[in-house]
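# Survey of secondary and tertiary structure
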Amino acid sequence: MNLPEVLLREIVLHSPNLFYLSLTRPGAREIIPFLHQFQPLYHAMVQRPIRMLIADEIGLGKTIQALAIARYLYVKGEVRRALILVPKILREQWKEEVMRVGLIPVVIESGSEVEMKLKKREGFFIVSIDLAKMPEHREKFLSVDWDLVIVDEVHNVTLGTQRYEFVRALVERKDLNVIFLSATPHRGDPRDYLSRIILLDPTLVEDHSRLDSSEFYNKAMGTIVFRRTKPMVNKLEGKNVFKKCWFGAVVVGITEEEREYFRKLNTLLFELTKDMPKNSPQALLAVLLNKRASSSYVSAMETLSRIVHGIASKSEVPPENVEKYIEKLFGLGYEDIDLEDAQEYDEIVNKIIEKYSPILSKGQLKKLEELLNLAKEIKESEKDSKLKVVASLIKYHVERGEKVIVFTEFKDTLEYLKRYLPKLAGLDDREVSVLYGGMSPKDIEQEISKFESEGKLLISTDVASEGLNLQVASVLINYEAPWSPIKLEQRVGRIWRISQKRDVKAYTIFLDSEIDMYVLDNLYGKIMNIREAIGSGPKVGAPVLAEKILGGDFENIWKDIPGDFEGRERVTEYDIGYAIVKREVEGYRRAILNTLRILRQNMGIAVPIEKIENIKRELRDVIDEFDDEKVVKILRNYLKVLLKKNAPNPTPILHGITSYSKENTIPRVSIGVRKHNGELFFIKIVDNGKDIHRIPVVVSNGKVFYGVKLLEWLIEALKDGYEVLGPVNPKSPTGKLVGMARDRFYRIRGKYENYESWLIRKQLKKGKLFRKTRIVVEKIAEFKPIGKKLEVARIIPLPILEMLGLSEDDIEFPSGEYGFIFQRNFVPLEDILKAEKKAMKIVMELESRRLRDEYGDTGWEVKDVSLHEHYDILVKTQEGEKYIEVKGHLPLFLHAELTEAEINFAKENKDKYWIYIVANIKKRPIIVKVFRPFDNPRIFLVNENEDVDITEYIKVNIRHKERAILSLTKSF
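Residues numbered from 1 in each chain as written. Predicted model: local features only at pLDDT ≥ 70, side-chain atom pairs only at ≥ 80, totals over all residues. Heavy atoms only, no water.

### Comments concerning the overall build of the protein chain
The helix and strand tally for the protein chain stands at 38 helices and 31 strands. Looking at the protein chain as a whole, 59% of its 972 residues are labelled buried. Residue pairs at least 24 apart in sequence account for 75% of intrachain contacts in the protein chain once pairs closer than 6 positions are excluded. (Helix = DSSP H or I, 4+ residues; strand = E, 2+ residues; numbered from the N terminus. Buried < 20%, exposed > 50% of the residue type's maximum accessible area, 1.4 Å probe, protein only. Contact = heavy atoms within 4.5 Å.)

Take a look at the structure:
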């Protein structure tokens, strides 16, 4: 047993902060831990089952928090098969993150793989939720006895959908560990949000109106729901963890041809919506056409061409399902968009165009055809002003060593940008990556990998990038202006994340056209804190060909809603788009602000943020050192002093030590050290007889040491070495430690007890979800100061020394050189020859005396045969022969070296063969006898001419080089 390594594993495994330091697999991208991430892990360590929603803001590391819990459960032996349900686009990202923490991913990419891969008995199964919920696969997933289920982007699991019914059936088993992840768990509908909370806690009553109260939400906070924000994380850390994020609105000057194009477009859009209801097919077509035209000329051309040339019939089409399409396409956030089976936004837009364009008049179609021809002329004459400005913006940042992402809503715009941007920005193909809906997981992985390694520009649609961590880039360009403030936040959040190493710049591009300027002035300008930029980003003019740039701090981008603001109206992105076409945004401004207010208010009430002081107090209960640099320094010192490993970065070693999926049993022993005195205890949470968590503590001189302070104590206690002295006395007073466990280490159990008892009392719960666990304190070891005896104990167990009545002063200690010469097979030194001769004499006299006492003066023989046999002494009696190999050492050195011939002889005559080691000859000889050394050996100590069996104290270790070196070492 390597005691320092075993103790290190126990301390690291059960300390949230130290466990995070062990999380990264060797060779993987480093995981940098933050305080807010320790809280869910700490709760998961001590409570069963684990049922939680991690609802942190985008960019706070929800995936890693879930996988930290998963890895803890794996190394504790509680998880063998875990199911991770994700949006299809995130499969490869989750695969990389699972491998990053040293777990085994099993990715199910298609229906044909489901049955075969589900046969695996171990792994973390990653699958698209939409594949798993399919009728032909659903029961296969439900029939597996999962140990853990993780659902990413769980806000997409909405009430009344196949996704919801599938997840409900999947997690209905109350003892199953379940983790939900979402940055936007509440989207304004309490019933929708509470339906997912009931999935987490199926013992809640399904009465949404009764659960929809601040009292319930506050009880759920910090038990089954965890939400932290960027400002909160900064305050917890006591520093700005997040880099600054600067937002810029770039105004692009346009040519006369472009100005004419947009003038005609605006006139037509206004005509289409004149005297038409907001939810009419004409209004929907106008909003979509404006959205497509604001993206790119190519995008507009595709839509215009479909309208002008793709109509099979001029007959009237009934305006059915308009509201359905509006609801599917125009959510405030990207997660609200339902593309049905479409791969990209373009596809469903084209479907709507084809459905409703027959209602257009011949005059309108003629004007649309004129627009199409104008767009073609602008594109073919290479007079796309926006494209040129974006290229100059990309070039500006790439030259400064920054990676850039360009976001667009449409795939056809992406293809256009992919074709022309690289050349204009001075990039070659290998420096440009693209992401769009419908790509295979392998292609997505290759494109992201290329971008991370040698790439400089990534062009991506929103569908393709939803949920991806793209913080390798620090510059974001919105090729078209998002109409929804929520979508703008979500795009920025894809690079403004906790592990971002640079300040972030987020640009949105506006043309100096009437409609774009209207959007900038009346939508962005009046709800956002932006002003003309001075010294924040690239200069206007060369090298960035923009007319002007407006900017602001993104963290404070939204204007404060006045205190007397009492708006109740809410808007969708479609409302905003329609208002832009009708030039009625001013009338919607208050409604937009109100929508933001309601969303934040609902989030704040239903998903409250726990007080920073409460989180700090929880963490202080179990973490004794918060200085990261000091923690790493102590870990390095521990590894260097006690494990003899020089590790500038301790993480790879810690990862390896904590990777065992089976608990190491620590023998209950007494440990001799130079001068420290203490008792080692495990303070444990026990669930049905199984330890789910245990904190190693040492009680020494009335003080309790745990965590990092315990590592420091062990360094001092064990640095001079240690020796196992024997079994430990299990009896010690533990009342103080039980109280400490209840009131400190495991105080958070009270939150769960309070959550359940309060809800049951209010009749909001049908029963208890969380299992009742016990606190147990168990004494594991004791450290005894034995001073100089420590050096003796390294060679021979102290009980043997006591049998012989010897003290440390009676021992001749071997020098390091002595052992080195012996093991290197050098020609024996004169002292060694002397020792062998003396040992032969001692053994000859010992055996002769023993036989004389037993047989008298005749009937036996003790003979030196060392010069012509493969052993040293032949003993003959009436019962038979005995062959003795003699080894002698002036110091106390319990080793014997045998040649190959001697080994063979010993094995052939195992029932007659003995090795006598005579050690400590220089002071008081100690004789140890080994019978059958190569086959279940028995070991005896000669004490006052009597043989004492010491096999329980001593074992035989054999190492083969040119010869066999037989070492007698302690058994424990």
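### A short note on the environment of Pro 648
With respect to the helices and strands, the residue Pro 648 is situated in the loop between helix 29 (628–642) and helix 30 (651–657). For Pro 648 and Leu 635, which are 13 residues apart along the polypeptide, the C-alpha to C-alpha distance reads 9.7 Å.

### Some words on the confidence of the model for the protein chain
Averaged over all residues, the pLDDT of the protein chain is 86; the fraction at 70 or higher stands at 88%. Counting contacts from residues 562–568, a segment whose pLDDT is below 50, to residues more than four positions away or on other chains yields 9 contacts. (pLDDT = per-residue confidence, 0-100.)

### Comments concerning the sheet that holds strand 4 (residues 123–128)
Spatially, 7 strands are ordered 3-4-2-5-6-1-7 in an open sheet, and the strand pairing comes out parallel. The open sheet is flanked by strand 3 (105–108) and strand 7 (225–226), the only strands paired with a single partner. Here 4 bridges tie strand 5 (residues 148–151) to strand 6 (residues 177–181), and the two strands are oriented parallel to one another. In the sheet register, Val 149 faces strand 6, and the bridge partner there is Val 178. Where helix 3 (residues 35–46) meets the sheet, it contacts strand 1 (51–54) and strand 7, and its direction lies at approximately 175° from that of strand 1. (Pairing = 2+ DSSP bridges. Axes fitted to C-alpha atoms, helices over the stretch in contact; angles between N-to-C directions.)

### Here's the deal with the packing of helix 4 (residues 62–75) against helix 5 (residues 91–100)
In contact at an axis separation of 10 Å, helix 4 and helix 5 are set at 45° when each is read in the N-to-C sense. Relative to helix 5, the element helix 4 lies oblique. Judged by the sense of rotation from one axis to the other, the crossing of helix 4 with helix 5 is right-handed. On helix 5, the residues that touch Thr 63, Ile 64, Ala 66 and Leu 67 of helix 4 are Trp 94, Glu 97, Val 98 and Arg 100. Counted by class, the contact of helix 4 with helix 5 contains 5 nonpolar, 1 polar and 2 charged residues. (Parallel < 35°, antiparallel > 145°, perpendicular 65-115°, else oblique. Left-handed = near helix turned anticlockwise from the far one by under 90°. Nonpolar A, V, L, I, M, F, W, Y, C, P; charged D, E, K, R; others polar.)

### Let's talk about the side chain of His 676
Within the fold, His 676 resides in the loop between strand 16 (669–673) and strand 17 (678–687). Discounting chain neighbours no more than four positions away, the residues touching His 676 are Trp 713, Glu 716, Ala 717, Phe 783, Lys 784 and Pro 785.

### Focus: helix 33 (residues 749–761)
With 13 residues, helix 33 ought to run about 18 Å at 1.5 Å a step, and its terminal C-alpha atoms sit 18 Å apart, in line with that. Buried within helix 33 are the following residues: Arg 749, Tyr 752, Tyr 755, Glu 756, Trp 758 and Leu 759. Turning to helix 33, the residues buried within the fold contact helix 3, helix 12 (214–220), strand 7, strand 17 and strand 21 (774–785). (Expected span 1.5 Å × (residues − 1).)

### Notes on the pairing of strand 6
By the criterion of burial, strand 6 is predominantly enclosed, with 5 of the 5 residues buried. The alternating pattern of strand 6 places Asn 177, Ile 179 and Leu 181 and Val 178 and Phe 180 on opposite faces, both of which are buried. Inspection of the sheet shows strand 1 paired to strand 6 by 4 bridges, in the parallel sense. Following the sheet pairing, Met 52 is matched in strand 6 by Ile 179. With helix 9 (residues 162–171) bridging strand 5 and the parallel strand 6, this β-α-β connection has right-handed handedness. (Right-handed = clockwise from strand over helix to strand, strands pointing away.)

### Notes on the pairing of strand 5
Burial of the side chains of strand 5 extends over both faces: Leu 148 and Ile 150 are buried on one face and Val 149 and Val 151 on the other. With 4 bridges connecting them, strand 2 (residues 81–86) and strand 5 associate as parallel partners. Counterpart to Leu 85 in the pairing with strand 5 is Val 151.

### What about the nonpolar core?
Residues Trp 94 and Ile 394 are the most contacted members of the largest nonpolar core, which totals 233 residues. Broken down by element, this core gets its largest block of residues, 10 residues, from helix 4. Beyond its immediate stretch of four places on either side in the chain, Ile 394 contacts Val 404, Val 406, Leu 421, Ala 425, Leu 427, Leu 457 and Ile 477. Counting residues in hydrophobic clusters, the runner-up holds 40 residues, among them Leu 798, Ile 903, Leu 941 and Tyr 953. (Core = buried A, V, L, I, M, F, W, Y, C linked by side-chain atoms within 4.5 Å.)

### A look at unusual backbone geometry
The bulk of non-glycine residues show a negative phi, and the bulk of peptide bonds are trans. A cis amide bond links Arg 48 with the next residue in sequence, Pro 49, at an omega value of -5°. Looking at the secondary structure, you find Pro 49 in the loop between helix 3 and strand 1. Even without glycine at this site, Asn 688 takes up a positive phi of about 55°. Mapped onto the fold, Asn 688 is located in the loop between strand 17 and strand 18 (690–700). Even without being a glycine, Asn 936 presents a positive backbone phi close to 50°. Relative to the assigned elements, Asn 936 resides in the loop between strand 27 (926–931) and strand 28 (938–943). With a relative accessible area of 65%, Asn 936 lands in the exposed category.

### A word on the packing of helix 1 (residues 3–13) against helix 31 (residues 707–718)
The contact between helix 1 and helix 31 brings their axes to 10 Å, and the two run at 170°. As summarised for this structure, helix 1 and helix 31 are arranged roughly antiparallel, according to the angle between their axes. Residues Pro 4, Leu 7, Leu 8 and Ile 11 of helix 1 form the contact with helix 31, whose participating residues are Gly 707, Leu 710, Leu 711, Leu 714 and Leu 718. Here the residues of the contact of helix 1 with helix 31 sort into 8 nonpolar, 1 polar and no charged.

### Digging into the environment of Ile 653
Mapping Ile 653 onto the fold places it in helix 30. The spatial distance from the C-alpha of Ile 653 to the C-alpha of Arg 25 is 9.6 Å, given a sequence separation of 628 residues. If near-sequence neighbours (up to four positions away) are discounted, Ile 653 is found in contact with Leu 639, Lys 645 and Ala 647.

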